[in-house]
Amino acid sequence: MRHLLSTADLDRAAAIRVLDTAAQMAATQGRQIKKLPTLRGRTVVNLFFEDSTRTRISFETAAKRLSADVINFSAKGSSVSKGESLKDTALTLQAMGADAIVIRHQASGAPHTLAHAGWTEAAVVNAGDGMHQHPTQALLDAFTIRRHLTGGPGNPDGVGNDLAGLHVAVVGDVLHSRVARSNVDLLHTLGAKVTLVAPPTLLPVGVGPWPAAVSYRLDDVLAQGPDAVMMLRVQRERMSTAGGGFFPSPLEYTRLYGLDARRLATLPDHSIVLHPGPMNRGLEISADAADSPRAVIVEQVANGVAVRMAVLYLLLSGDGDTGAAPATGAVPAVTSTPAPATTTAGATA
Amino acid sequence: MTAQYLLKDVRPLGGEPTDVLVAGGLVAAIGPEAGDAAENAPDDLEVIDATGMVLLPGLVDLHTHLREPGREDAETIASGTRAAAAGGFTAVHAMANTTPTQDTAGVVEQVWRLGAQAGWTDVHPVGAVSVGLAGEHLAELGAMADSAARVRVFSDDGKCVHDPVLMRRALEYVKAFDGVVAQHAQEPRLTEGAQMHEGVVSAEIGLAGWPAVAEEAIIARDVLLAEHVGSRLHVCHLSTAGSVEIVRWAKSRGIDVTAEVTPHHLVLTDEEARGYDPVFKVNPPLRTQADVDAVREGLADGTIDIVATDHAPHTREDKDCEWAAAAFGMTGLETALSVVQQTMVDTGRMTWADVARVLSTNPARIGRVEGHGRPIAVGEPANLVLVDPEQRRVVEPERQATASANSPLRGRELPGRVVATFLRGRATVLDGVPQDDPADPRFAAGRVTP
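Here the structure is a predicted model, which means the values were calculated and not measured.

## Overview of the overall build of chain B
Logical step 1: The helix and strand inventory of chain B stands at 13 helices and 19 strands.
Logical step 2: Structurally, chain B occupies a C-alpha span of about 65 × 50 × 45 Å along its principal axes.
Logical step 3: Taking all 450 residues of chain B together, the buried fraction comes to 59%.
Logical step 4: Counting only contacts in chain B whose residues sit at least 6 apart along the sequence, the fraction spanning at least 24 positions is 74%.

## Here we look at the sheet that holds strand 9 (residues 153-154) of chain B
Residues and elements named next belong to chain B.
Logical step 1: Spatial strand order, 9-10-13-14-15: five strands in an open sheet with parallel pairing. Sheet topology places strand 9 and strand 15 (306-307) at the edges, where each strand pairs with a single neighbour.
Logical step 2: Bridge count for strand 13 (residues 233-235) against strand 14 (residues 257-261) is three bridges, and the pairing is parallel. Looking at strand 14, one finds that Leu 233 is bridged to Val 257.
Logical step 3: The strands touched by helix 7 (residues 212-229) within the sheet are strand 10 (180-183), strand 13 and strand 14, with strand 13 carrying the most contacts at an inclination of about 165°.

## As for helix 5 (residues 135-150) of chain A
Logical step 1: An ideal rise of 1.5 Å per residue puts 22 Å on 16 residues; helix 5 of chain A measures up with 21 Å between its terminal C-alpha atoms.
Logical step 2: For helix 5 of chain A, a buried count of 13 out of 16 residues is recorded, marking the element as mostly surrounded by other parts of the structure.

## Observations concerning the nonpolar core
Logical step 1: With 244 residues, the main nonpolar core has Ala 100, Ile 101, Val 170, Val 171 and Leu 312 of chain A together with Leu 386 of chain B as its most contacted residues.
Logical step 2: Considering every element that reaches this core, the biggest residue donor is helix 11 (residues 297-316) of chain A, with twelve residues.
Logical step 3: With residues up to four places along the chain from it excluded, the contact list for Leu 386 of chain B reads Leu 7, Val 10, Ala 50, Met 53, Leu 55, Val 419 and Ala 420 of chain B.

## Focus: the environment of Val 433 of chain B
Residues and elements named next belong to chain B.
Logical step 1: Checked against the element boundaries, Val 433 lands in strand 19 (residues 433-434).
Logical step 2: Classification of Val 433 by C-beta neighbours within 10 Å gives partly exposed; the count is 14.
Logical step 3: When the C-alpha positions of Val 433 and Asp 156 are compared, they lie 34 Å apart, and in sequence the two are 277 residues distant.

## Considering the sheet that holds strand 8 (residues 122-125) of chain B
Residues and elements named next belong to chain B.
Logical step 1: On the basis of which strands lie adjacent, the open sheet formed by three strands has the order 6-7-8 and parallel pairing. Looking at which strands have only one partner, the edges of the open sheet turn out to be strand 6 (59-64) and strand 8. Within this sheet the neighbouring strands show an average axis-to-axis angle of 20°, counted without direction.
Logical step 2: Bridging between strand 7 (residues 89-94) and strand 8 involves four bridges; their strand directions are parallel.

## So, the domain arrangement of chain B
All names here are of chain B.
Logical step 1: Each assigned domain of chain B is listed with its residue range as follows: domain 1 (4-55 + 378-446) and domain 2 (58-366).
Logical step 2: Summarising the inter-unit geometry, the C-alpha centres of domain 1 and domain 2 are found 26 Å apart.
Logical step 3: Counting from both sides, the interface comprises 31 residues of domain 1 and, opposite them, 41 residues of domain 2.
Logical step 4: Contributions of two or more residues to the side of domain 1 that touches domain 2 are made by strand 16 (384-394), strand 17 (413-423), strand 18 (426-430) and helix 13 (441-446).
Logical step 5: Looking at the side of domain 1 that touches domain 2, the element that brings in the most residues is strand 17, giving seven residues.
Logical step 6: Across the side of domain 1 that touches domain 2, the residue classes break down as 19 nonpolar, eleven polar and one charged.

## Considerations on the interface of chain A and chain B
Logical step 1: With 23 residues of chain A in contact, the opposing surface of chain B contributes 18 residues.
Logical step 2: Contributing elements (two or more residues each) for the side of chain A that touches chain B: helix 3 (85-95), helix 4 (110-116) and helix 6 (178-189) of chain A.
Logical step 3: It is helix 4 of chain A that contributes the most residues to the side of chain A that touches chain B, three residues altogether.
Logical step 4: For the side of chain A that touches chain B, the residue count by class is eight nonpolar, ten polar and five charged.

## Let's talk about the domain arrangement of chain A
All names here are of chain A.
Logical step 1: Here chain A is described as being made up of domain 1 (7-134 + 302-348) and domain 2 (135-299).
Logical step 2: If you list the elements that add at least two residues to the side of domain 1 that touches domain 2, you get helix 1 (12-28), strand 4 (123-129) and helix 11.
Logical step 3: It is helix 1 that contributes the most residues to the side of domain 1 that touches domain 2, nine residues altogether.

## Some points on the environment of Val 267 of chain B
Residues and elements named next belong to chain B.
Logical step 1: On the secondary structure map, Val 267 appears in helix 9 (residues 263-267).
Logical step 2: Distance from Val 267 to Thr 343, taken between C-alpha atoms, is 7.0 Å for residues 76 residues apart in sequence.
Logical step 3: In contact with Val 267, not counting residues within four places along its chain, are Val 339 and Thr 343.

## Details of the environment of His 311 of chain B
Residues and elements named next belong to chain B.
Logical step 1: Along the chain, the position of His 311 falls in the loop between strand 15 and helix 11 (336-345).
Logical step 2: Using a count of 32 C-beta atoms within 10 Å as the deciding quantity, one classes His 311 as buried.
Logical step 3: With 116 residues separating them in the primary sequence, His 311 and Ala 427 have C-alpha atoms 23 Å apart.
Logical step 4: Ignoring sequence-local partners within four residues, the contact set of His 311 consists of Thr 64, His 65, Thr 331, Gly 332 and Leu 333.

## Looking at the confidence of the model for chain B
All names here are of chain B.
Logical step 1: Across chain B, the average pLDDT comes to 95, with 96% of residues at 70 or higher.
Logical step 2: Here residues 441-450 is modelled with pLDDT under 50, and outside its nearest four sequence neighbours on either side it reaches eight contacts, counting other chains as well.
Logical step 3: Note on the complex model: pTM 0.91, ipTM 0.86.

## Considering the packing of helix 5 (residues 164-173) of chain B against helix 7 of chain B
All names here are of chain B.
Logical step 1: Interaxial distance between helix 5 and helix 7 falls to 10 Å at its minimum, and their mutual angle equals 45°. Taken together, the axes of helix 5 and helix 7 are oblique relative to one another. When the axes of helix 5 and helix 7 are compared, the crossing they make is right-handed. Facing Pro 164, Met 167, Arg 168, Leu 171 and Glu 172 of helix 5, the residues of helix 7 in contact are Arg 221, Asp 222, Leu 225, Ala 226 and Val 229.
Logical step 2: By residue class, the composition of the contact of helix 5 with helix 7 is six nonpolar, no polar and four charged.

Basis of the calculations
- Residues numbered from 1 in each chain as written.
- Chains lettered and ligands numbered in written order.
- Predicted model: local features only at pLDDT ≥ 70, side-chain atom pairs only at ≥ 80, totals over all residues.
- Helix = DSSP H or I, 4+ residues; strand = E, 2+ residues; numbered from the N terminus.
- Buried ≥ 20, exposed ≤ 12 C-beta atoms within 10 Å, placed from the backbone.
- Contact = placed C-beta atoms within 7 Å.
- Pairing = 2+ DSSP bridges.
- Axes fitted to C-alpha atoms, helices over the stretch in contact; angles between N-to-C directions.
- Expected span 1.5 Å × (residues − 1).
- Core = buried A, V, L, I, M, F, W, Y, C linked by C-beta atoms within 7 Å.
- Domains from an automatic or database assignment.
- Nonpolar A, V, L, I, M, F, W, Y, C, P; charged D, E, K, R; others polar.
- pLDDT = per-residue confidence, 0-100.
- Parallel < 35°, antiparallel > 145°, perpendicular 65-115°, else oblique.
- Left-handed = near helix turned anticlockwise from the far one by under 90°.

Okay, here's the thing in structure tokens:
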């Protein structure tokens, strides 16, 4: 793995490898001393052309827990957000010796361009580009689903498992959602069945070949008893004419596509509810649903750090190029060894 | 004194080999008489062994962006027409979206004069339909028509004349001077923020879609308007299967509509967008393979009248960036003939006579350009292009004559090579090389060394 640009680039083995590595990372995060020396001396740049406090903090935390030096570069609102400047920014970061660039950009494909235009040698991690992809979000979603629905005694994280046989409903603004695209690709790769649920205006023309079923009716899909329901953020502005007029009113959207207590009650007992955040409480998800025991939304945030640690580790540790599974000893502080983190990691610096 | 040229064993319109003598600015003789005439020719006779080569009337582009005035960093009238000559063109229509806009007699006359001074091709400025391309008020179409530039083609290209009343008025008004409105068919509301063709690929890669219906709806409206007011209409860069169907239907009703397709819409599809390389960002966008098949069929059966390049040079900084920030457009003057050969001739869909029709005769007729697109016959103006269809070459944008490098065909091998271009008997290109005048300081400065 040279870059992480799209979940479509991950095959089943690579995806499971990231999730399993994340499980090992997660295990270290329960300790009193959470920091591993693995990426000591390496530099990770968070290059954010779009506001996203949550994702940036998650990446920053992940990099710091691996002892990398972290530079936050927020380009939102400056002249940096268009034209040649992406190139100049990349050249600048290259000159400063960035080992990895975590990029969030409003333009679909900007991470791809950054990775392939020859501007930088750094590993590029897509932290969300336009309406295209948000691969670490999908990985943390898959990690969370796997943990809850395939984990068991002796293997609480479901290490080694895929998501075969599970049914995941993805509900909301699929058209504009990079989270939906990344999830469809990854969940399909991991063997899950995906159903997209949205008003027809919020589904892309050309959704046909996606490896997912499509429904316009949330209640019908909930009646199928999905194992996980992923609610997507819907922006209120999408209602107005200027925003595209995708639905008549927030109230109608909530009536038809919102997850409330009544709909939550129709789900099987084991089903979980996910949301990538930030939530519009009262629009796509009610407070009852968001705060219910089956909502794993806060846990998604915690898992996000572990998944991003895994991604940075796999990209920067050097053994990522071989495509082989990590040797046991190469991964820092394996789960069963609650030792101080300093014991294993020095070799990778 | 212009040299005389004897083209030996050349195939006019791809027909039987013969000799053609170019002298005095005219096709002076054809057949054995050409050789006889050359016998007692003066010292400046140049004999070109044209065995296997095809002679066509000089190509006429109805849709060229020369960028001057305003964006001389991307192209000038001199560099753009030099590129045109290298591509086999003897006349180009310079689109109106310059800065300032070509919406007054003064600006179109300036473009026309700069074209004449450059001397590579005839330059026919296109007049804007509306003031500043704003789509609100008619520009002074009559003044442009009566100017020294004798404008006959009017277009807001780059923008659509979307107001149906303004479009109707323009269609009616240009009848007074036998003009034509060339419409950039793009419903603006359906294409706000659009980045590429709306379909399977846009859904997957997350770029805002430019639906086919946004083009087709305008074409449908415009052919009905043209029928209603009895005007002629030209449809720029038609790109979808549905558009071909609408034009076919309109022609079957006797509506006076003509249509063009670009070389890139004959050969490239929206699959190219997957790498997010903005060199493939163009308006109208690259469509699907089904659309490519339909425009090829439409060109072969005459539904589409012409191939026009929509040559749209852009500076590196306008393309060396993320897709959404990049400019729309791609160059095409120096590859158009090769693309037509590859997609239409080498596949058996068209003959070289058909190529002459779609790249010379028809565009000259639509633009009311005199002296171009004529038959290859004794006494006709010697506006000619000599093509070697057997040669192949790899496209290297940096080595092209155009000042910009945004060719979508970089690295592709294409058939055919322009060996010589003659503008009224003067060789603007010989042995594939533009014939710069060493005495002219403008060329000495900007000369491209091969």
